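# Notes for the structure review
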Amino acid sequence: MRFTKMHGLGNDYIFVNTFEEKEHDWPELARYLSPFHYGIGSDGLILIQPSDTDDFKMRIFNADGSEGEMCGNGIRCVAKYVYDTHMTTKTELSIETLAGSKKVQLLLDGQTVKNVKVDMGTPVVKKEITMKLWNNQSITGIPVSVGNPHVVVFVKDVVSFDVMSIGSQIETLPIFPHRTNVEFVEVTESNRLKMRVWERGSGETLACGTGACASLCAAVSKEFCEHTATVRVIGGDLKIDWDKELNKVFMTGPATKVFTGDVDLKDIDPTLS
């Protein structure tokens with residue numbers, strides 16, 4: 001099976017073009033191929049597929065094999081992939097996801113995709129909640145949906161915060177029957193946020209596009225920042241804009257190809273080939 005490794009600010013995935021590859025047990029493949037020491041190494045597996053309604057379709061499987069609704073960094077990579085491989089000449093595309101159709105715009109430098117702007121749709125920001133953790137601890141957060149579930153927790157120092165312990169607890173709380181992504185956010189300026197993320201099904205990652213959108217929306221709801229801000233993640237910066245008139249969130253950031261290769265599935269597990 002041929003694959004391409006790509007990342008958006010370090011949030012990396014294994015991309016498979018199903019226009020050319022046959023069907024497999026994708027959740028099982030995600031579990032086998034994602035580990036860094038025993039597989040290719042990634043935060044999950046993303047499929048590029050034909051769509052009956054849009055230009056292309058994207059499916060995402062987290063490192064644990066669970067299927068996600070949407071991936072902001074992943075969809076930017078899909079857009080770059082289909083343009084770079086001449087599957088399309090369009091610079092404005094619609095991509096089908098489990099979170100609905102997403103409009104993407106390729107921002108070129110000559111013929112090179114420099115950045116990709118994604119219309120993430122209308123966010124749903126809920127009231128702040130208090131969550132009960134182990135050892136009778138509690139923490140407050142703001143649930144936000146941008147096609148997939150998030151909880152945004154504001155902290156004073158995101159660098160030293162115990163993301164692994166707290167994030168893993170919040171992800172699996174009973175109040176989130178489908179689990180949730182968790183963002184830990186430090187407000188540094190009225191137009192700058194620092195974020196670390198615990199992703200549902202993958203653990204802490206270097207970036208999360210949907211999480212950056214959720215973080216800005218939560219910050220605006222608390223009057224912590226403006227409607228347009230730079231969100232600094234471990235892997236770099238994302239520009240997030242919550243358009244007040246359209247009530248839509250737009251995310252702009254890079255997408256990077258790492259390498260292309262082939263994997264013989266019989267070498268991993270004969271049942272997968």
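For the structure itself, consult the block above.
I will try to describe carefully the structure that is included in this document.

Basis of the calculations
- Residues numbered from 1 in each chain as written.
- Predicted model: local features only at pLDDT ≥ 70, side-chain atom pairs only at ≥ 80, totals over all residues.
- Heavy atoms only, no water.
- Helix = DSSP H or I, 4+ residues; strand = E, 2+ residues; numbered from the N terminus.
- Rg over C-alpha atoms; globule rule 2.2 N^0.38 Å.
- Buried < 20%, exposed > 50% of the residue type's maximum accessible area, 1.4 Å probe, protein only.
- Areas by Shrake-Rupley, 256 points an atom, 1.4 Å probe, with all protein chains shown as cover.
- Phe/Tyr/Trp six-rings, centres within 6.5 Å; stacked < 30°, edge-to-face > 60°.
- Pairing = 2+ DSSP bridges.
- Polar contact = N/O pair within 3.5 Å; in protein donor to acceptor, adjacent residues only side chain to side chain.
- Contact = heavy atoms within 4.5 Å.
- Expected span 1.5 Å × (residues − 1).
- Lys, Arg positive; Asp, Glu negative; His and termini not counted.
- Salt bridge = Lys/Arg side-chain N within 4 Å of Asp/Glu carboxyl O.

Summing up its helical and strand segments, the chain has five helices and 19 strands in all. Relative to the compact-globule value of 19 Å for 273 residues, the chain shows a C-alpha radius of gyration of 18 Å, a close match. For the chain, the spread of C-alpha atoms along the three principal axes comes to 50 × 45 × 30 Å. Out of the 273 residues in the chain, the part that is buried amounts to 52%. Looking at the chain as shown, the accessible area adds up to about 12,400 Å², and 48% of this sits on carbon and sulfur atoms.

Attention now moves to the packing of aromatic side chains. A full pass over the atoms with the stated rule returns five aromatic pairs. Both rings, one in Tyr13 and one in Phe15, keep their centres 6.5 Å apart while their planes meet at 75°; by these two values the pair is edge-to-face. By relative accessible area, which is 1% here, Tyr13 ends up buried. Between Phe161 and Phe184 the ring centres are 4.9 Å apart and the planes differ by 35°, which places this aromatic pair in the tilted class.

On to the pairing of strand β14 (residues 192-199), then. In terms of residue burial, β14 counts as a mostly covered element, since six of its eight residues are buried. Bridging between strand β13 (residues 181-189) and β14 involves seven bridges; their strand directions are antiparallel. By the bridge assignment for β14, Phe184 is matched with Arg196. The turn linking β13 back onto β14 is made up of two residues. For β14 and strand β16 (residues 228-233), the ladder comprises three bridges, and the chain directions are parallel.

Mapped onto the secondary structure, Asn73 falls in helix α2 (residues 72-84). Looking at Asn73, the relative accessible area reads 0%, which means it is buried. Engagement of the side chain of Asn73 in a polar contact is seen with the side chain of Arg76, the distance being 2.8 Å. Setting aside its immediate chain neighbours within four residues, Asn73 contacts Gly8, Asn11, Ala207, Cys208, Gly209 and Leu238.

Time to look at α2. With 13 residues, α2 should reach 18 Å at 1.5 Å per residue; the first-to-last C-alpha distance of 19 Å fits that figure. Counting buried residues in α2 gives twelve out of 13 residues, a clear majority hidden from the surface. Of the residues flanking the end of α2, it is His86, one or two places downstream, whose phi is positive at about 65°.

Before going further, it helps to spend a moment on the environment of Asp241. For Asp241, the position within the fold is in strand β17 (residues 236-243). Judged by relative accessible area, which is 23%, Asp241 ranks as partly exposed. Ignoring sequence-local partners within four residues, the contact set of Asp241 consists of His227, Thr228, Lys248, Val249 and Phe250. Within polar-contact distance, the side chain of Asp241 engages the side chain of Thr228 at 2.6 Å.

Quick look at the side chain of Glu186 now. Here Glu186 is to be found in strand β13. In this structure, Glu186 is buried with no salt-bridge partner, the nearest side chain bearing the opposite charge being Lys194 at 4.3 Å. In this structure Glu186 touches Val155, Lys156, Asp157, Val158, Arg192, Leu193 and Lys194, once residues within four positions along its chain are discounted.

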